[in-house]
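# Summary of structural features
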2 protein chains.
Amino acid sequence: MTIATKKQYESLTEEQAITYAKNLNLFSDDAQLTCSEIGDGNLNYVFHIKDLRSGKGIILKQALPYAKVVGESWPLTLKRALIEANALKKHGEFAAGLVPEVYAIDEELAITVMEDLSHLTIAREGLIRLESYPKLAADIGKYLAQTLFHTSDFALHPFEKKKLVSEYSNPELCKITEDLIFTDPFFDHETNDFEPSLRVEVEALWNNELLKLEVAKLKKSFLTEAEALLHGDLHTGSIFASETETKVIDPEFAFYGPIGFDVGLFLANLIVQTVTREGEQREVILRHIEQTWEVFSANFSELWENKAVESYKDTKGFKDYILDKIFQDALGFAGCELIRRTIGLAHVKDLDGIKEDEKRILSKKQALRIGELLLLKRESISSIQAVIVLLEELQK
Amino acid sequence: MTIATKKQYESLTEEQAITYAKNLNLFSDDAQLTCSEIGDGNLNYVFHIKDLRSGKGIILKQALPYAKVVGESWPLTLKRALIEANALKKHGEFAAGLVPEVYAIDEELAITVMEDLSHLTIAREGLIRLESYPKLAADIGKYLAQTLFHTSDFALHPFEKKKLVSEYSNPELCKITEDLIFTDPFFDHETNDFEPSLRVEVEALWNNELLKLEVAKLKKSFLTEAEALLHGDLHTGSIFASETETKVIDPEFAFYGPIGFDVGLFLANLIVQTVTREGEQREVILRHIEQTWEVFSANFSELWENKAVESYKDTKGFKDYILDKIFQDALGFAGCELIRRTIGLAHVKDLDGIKEDEKRILSKKQALRIGELLLLKRESISSIQAVIVLLEELQK
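Just so we're clear, the structure is a prediction, and the values are computed from it rather than from any experiment.

### Some details on the pairing of strand β2 (residues 44–51) of chain B
Residue and element names in this part refer to chain B. Along β2, six of the eight residues are buried, which leaves the element largely enclosed by surrounding structure. Alignment of strand β1 (residues 33–37) against β2, held across five bridges, turns out to be antiparallel. Within the sheet, the bridge partner assigned to Thr34 lies in β2 and is Lys50. Hairpin geometry of β2 and strand β3 (residues 57–63) is characterised by an intervening segment of five residues between the two adjacent antiparallel strands and by a positive phi of about 80° at Gly55.

Spelled out as structure tokens, the structure:
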């Protein structure tokens, strides 16, 4: 067993993962450990290690030095494992219970050992199956407010904030977002992926200069605005949920960026659900959307009142200016996410999983239309209720 | 002579500075070196070393581990010397001839050895004496466009840009700006310094919630928006000038911040001159103000057209959106600078040097009034000509 001593990167086998886990002293000596690799193997190995005697489990996640997307493979920094582990711990300081606990970090092997969440379901999967997550919206609203407020200039001494900005510099992962969310889908780029029956709509997007101007502004914001330590990839596939629990995982895209990005990505992934659902089931998601923003803004507001260190915190209109900016940014980022999840490189199962061709295409057209409207109208949409009205109008 | 071998920080004497210079091989062996310390001694030693035989000179600048302001002394990172030297070199890549050449950098001793500019005058001093600088505005307009465009996301690969953002993280010096420009002058803070006859105006500022809201927005921009590698302290005391030359010095406040900050600080320091001048002499400065922006925006525009790497560079309206943002930001930052230079900790000789009480107070009131108007009206002022009109109206 070379791992413990040599500390040169190599990807683990299931057997090596068990040995590694034993050395951490997280299990009793007589534990009977089993291991299965449960990741999708695109970016990371995810070993689920379980003691058959006690039933206790842990997750051992190891970053792989490449990314596989649609058959292609490109090198990807292993540093992302450290950023992810540190972000889980940092966010955990402020949103305890809403992120997995980190037991150990191994920088050389790009391993994070963390809480076993295998009793939960990935929210995207559950939502597609119409499972009920009564706590999801409020928990994510709280998670967003707690993590984003506490890592911002409103809560931190500027020395501490600037230290974190450098620590979480994450150029390679940011580049993926810059390309796949903000650039490629809005140009005739080879990474795009869409059905021929969407070509008319897609070409209309590519030729819509007003729309592209809004995306350009949002991309600029993503590139320059270090407002808070973001999760960076907060879609429903990055959330474990049950009726009683919510846990946000996988912050490997974490970096200092605009607060609205995390908020907008989550909202967009709820909005995708509204285009696949009908009647009461759609209502459930509309309420999730409303509640996410309401809990986020109320919680952020409360933190501002009680904890802000900014000298201008009581200046009339400043808090509202910040919340309005986050809201408008979030709608814009949600628009980008809706469009790229429909026609870009990385799709979502919510839409691609619709077997019936006509319904799938119709849902995708609706997703594109909502994305477009959010981008174009974000400055005139003044409340989350107005978003709900817009979604209801479009889906009548 | 311990310096060359020991490399532990100690501040040099004039004699040690000569020995240090000899070891650099910048002078011939038979050089007859003299040295005089010509700095103001608040933050740095500035040794002017000259060969009496050849007439050739160099500047050896050494950072001191403390800052002295109004008799008080506080510790200040020596790292600023390295940031300053690197910023001079980085900016020199794009604005050759407009910054001093750097001959050597010594991180341990916090020393930068650079081009001797002692034949030039500090622009502030010369402007106060009504000296003519026909190249100043165009040179600074070009310097701003070249340095700010080329270090932005519009010109750099995102990996290179993010590397520079980390390299130029400058928390201690930024904190000075955050406090002295954006915070203290707008509250009843002990660092403020103003004549009793300004108290009515100053208290009106402190009670002006609309004004403070604008300052809060600008401070937030300064804290979060990493648009380009700024000089960070571009007032007329950081510029050497003559009728034929312009050199920007002292970028120890360099960091990644909003482009409009550099532009606005320079404009504000010209505006200060308009309140102290009359008739044709005021006209000269008004033309400088106009020309600075016009050269900056034309040059920035040209760089954008020819060199931008941003995918959205040709998207209709994007370049104008960016230039409008820079302009509005610049007016706001100019407003902050005008106010803090009048009532904050660090004053300017342009105003404080006016011996006649009544005229000095009147000039200061005018500086405050212009600062206030720029802050409140920046979003509705649509061109540099409108700024000139506003200045002319106020000074009729």
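### Notes on the UniProt feature "binding site: ATP" (unreviewed entry) in chain A
Residue and element names in this part refer to chain A. Mapped onto this numbering, the UniProt entry annotates "binding site: ATP" (unreviewed entry) at Asn44, Lys61, Glu115, Asp116, Leu117, Asp250, Pro251 and Glu252. Taking relative accessible area as the criterion, Asn44 reaches 9% and is therefore assigned buried. Here Asn44 is in contact with Glu37, Lys61, Gln62, Ala63, Leu64, Arg80 and Glu252, once residues within four sequence places are set aside. Here Arg80 takes part through its side chain, which lies 3.4 Å from a polar atom of the side chain of Asn44. Residue placement: Asp250 occurs in the loop between β11 (246–248) and β12 (255–257). Take Asp250: its relative accessible area is 24%, and that puts it in the partly exposed class. Excluding anything up to four places from it in sequence, Asp250 contacts Lys61, Glu84, His231 and Ser238.

### Thoughts on the UniProt feature "binding site: substrate" (unreviewed entry) in chain A
Residue and element names in this part refer to chain A. UniProt annotation of "binding site: substrate" (unreviewed entry) refers to Asp233 and Arg340 when read in the numbering used here. For the residues just named, distributed over 108 residues, the greatest C-alpha separation is only 13.2 Å, placing them together at one site. In this structure, Asp233 sits in the loop between β9 (228–230) and β10 (239–241). Apart from the residues lying within four places of it in its own chain, the contact partners of Asp233 are Ser238, Phe253, Asp262, Leu265, Arg340 and Arg341. For Arg340, the location among the structural elements is in helix α12 (residues 318–343).

### Brief notes about the interface of chain A and chain B
Each partner contributes to the interface: chain A provides 42 residues, whereas chain B provides 42 residues. Together, the buried faces of chain A and chain B total about 3,500 Å²; carbon and sulfur atoms form 66% of this surface. Summed over the shared surface of chain A and chain B, the result is eight salt bridges. Here Lys220 of chain B ties to Glu227 of chain A by a salt bridge, and the two come within 2.5 Å at their closest N and O atoms. Taken together, chain A and chain B are joined by 14 residue pairs in polar contact (both at pLDDT 80 or more). Secondary-structure elements contributing two or more residues to the side of chain A that touches chain B are α6 (158–167), α7 (171–180), α9 (209–224) and α12 of chain A.

### Some points on the nonpolar core
Membership of the largest hydrophobic core comes to 182 residues, with the highest contact counts inside it found for Ile289, Phe296 and Phe300 of chain A together with Ile289, Phe296 and Phe300 of chain B. The contacts of Phe300 of chain B, once residues within four sequence positions are left out, are Ala145, Phe149, Phe154, Ile259, Ile322, Leu323 and Ile326 of chain B.

### Notes on the sheet that holds β11 of chain A
Residue and element names in this part refer to chain A. Pairing is antiparallel across the open sheet formed by three strands, whose spatial order is β8-β10-β11. Only two strands of the sheet have a single neighbouring strand rather than two, namely β8 (121–122) and β11. As defined by bridge partners, β8 adjoins β10 across two bridges and the pair is classed as antiparallel. Along β10, the bridge assignment pairs Ile122 with Phe240. On the sheet, helix α5 (residues 136–150) packs against β10 and β11 and is oriented at approximately 40° with respect to β11.

### Observations concerning the relation of the copies chain A and chain B
Between chain A and chain B, the superposition needs a rotation of 180° and an axial shift of 0.0 Å, giving an RMSD of 0.0 Å. Between the two chains, the operation in question is that of a two-fold axis. When C-alpha distances to the rotation axis are compared across chain A, the minimum falls at Glu225 of chain A, with a value of 2.3 Å. Mapped onto chain B, 100% of the interface residues of chain A are again interface residues, and the two copies thus contact each other with one and the same surface.

### Overview of the pairing of strand β7 (residues 111–115) of chain B
Residue and element names in this part refer to chain B. Taken across its five residues, β7 has five buried, putting it largely inside the fold. Relative to β7, β3 runs antiparallel, the two sharing five bridges. Bridge pairing links Leu60 to Val113 in β7. Direction of pairing for strand β6 (residues 102–106) relative to β7: antiparallel, over a ladder of four bridges. Note that in β7 the partner of Val102 across the bridge is Met114. Linking β6 to β7, which pair antiparallel, is a turn of four residues; within it Ala110 sits at a positive phi near 55°.

### Concerning the confidence of the model for chain A
Scored by pLDDT, chain A has a mean of 95; 97% of the residues are at 70 or more. With a pTM of 0.96, the predicted complex shows an ipTM of 0.96.

### Describing empty space enclosed by the protein
Summed over the entire model, instances satisfying the criterion amount to five cavities of 30 Å³ or more. In this structure, the largest cavity spans a volume of roughly 440 Å³. Lining the largest cavity are 30 residues, with Val165, Thr224 and Ala226 of chain A together with Val165 and Ala226 of chain B positioned closest to its centre. Only α6, α9 and β12 of chain A together with α6 (158–167), α9 (209–224) and β12 (255–257) of chain B provide two or more residues apiece to the lining of the largest cavity. Tallied by class, residues from the lining of the largest cavity come to 16 nonpolar, eight polar and six charged.

### Section: the domain arrangement of chain A
Many analyses report the size of an interface as the accessible area lost when the parts associate. Residues and elements named next belong to chain A. Here the domain parsing of chain A yields domain 1 (14–115) and domain 2 (121–394). The distance between the C-alpha centroids of domain 1 and domain 2 comes to 26 Å. If you look at the interface, domain 1 gives 24 residues, while domain 2 gives 28 residues. A per-residue breakdown of the area domain 1 buries against domain 2 is headed by His91, Phe94 and Leu98, which together make up 31% of the total. Put simply, domain 1 and domain 2 have three salt bridges between them. Here Glu252 makes a salt bridge to Arg80, at a shortest N to O gap of 3.3 Å. Linking domain 1 with domain 2 are nine residue pairs in polar contact (both at pLDDT 80 or more). Looking at the side of domain 1 that touches domain 2, the elements that each hand over two or more residues are β5 (72–75) and α3 (79–94). The element best represented in the side of domain 1 that touches domain 2 is α3, accounting for nine residues. Across the side of domain 1 that touches domain 2, the residue classes tally to 14 nonpolar, five polar and five charged.

Conventions adopted
Residues numbered from 1 in each chain as written. Chains lettered and ligands numbered in written order. Predicted model: local features only at pLDDT ≥ 70, side-chain atom pairs only at ≥ 80, totals over all residues. Heavy atoms only, no water. Buried < 20%, exposed > 50% of the residue type's maximum accessible area, 1.4 Å probe, protein only. Helix = DSSP H or I, 4+ residues; strand = E, 2+ residues; numbered from the N terminus. Pairing = 2+ DSSP bridges. UniProt positions renumbered as here; feature names shortened; annotations may be inferred. Contact = heavy atoms within 4.5 Å. Polar contact = N/O pair within 3.5 Å; in protein donor to acceptor, adjacent residues only side chain to side chain. Buried area = accessible area lost by both parts, 1.4 Å probe. Salt bridge = Lys/Arg side-chain N within 4 Å of Asp/Glu carboxyl O. Core = buried A, V, L, I, M, F, W, Y, C linked by side-chain atoms within 4.5 Å. Axes fitted to C-alpha atoms, helices over the stretch in contact; angles between N-to-C directions. Least-squares fit on C-alpha atoms with pLDDT ≥ 70 in both. pLDDT = per-residue confidence, 0-100. 1 Å grid on protein atoms, 1.4 Å probe; cavity = no way out; pocket = protein on both sides within 12 Å on 5 of 7 lines; lining within 4 Å. Points joined across faces, edges and corners; volume = space filled by probe spheres on them. Nonpolar A, V, L, I, M, F, W, Y, C, P; charged D, E, K, R; others polar. Domains from an automatic or database assignment.

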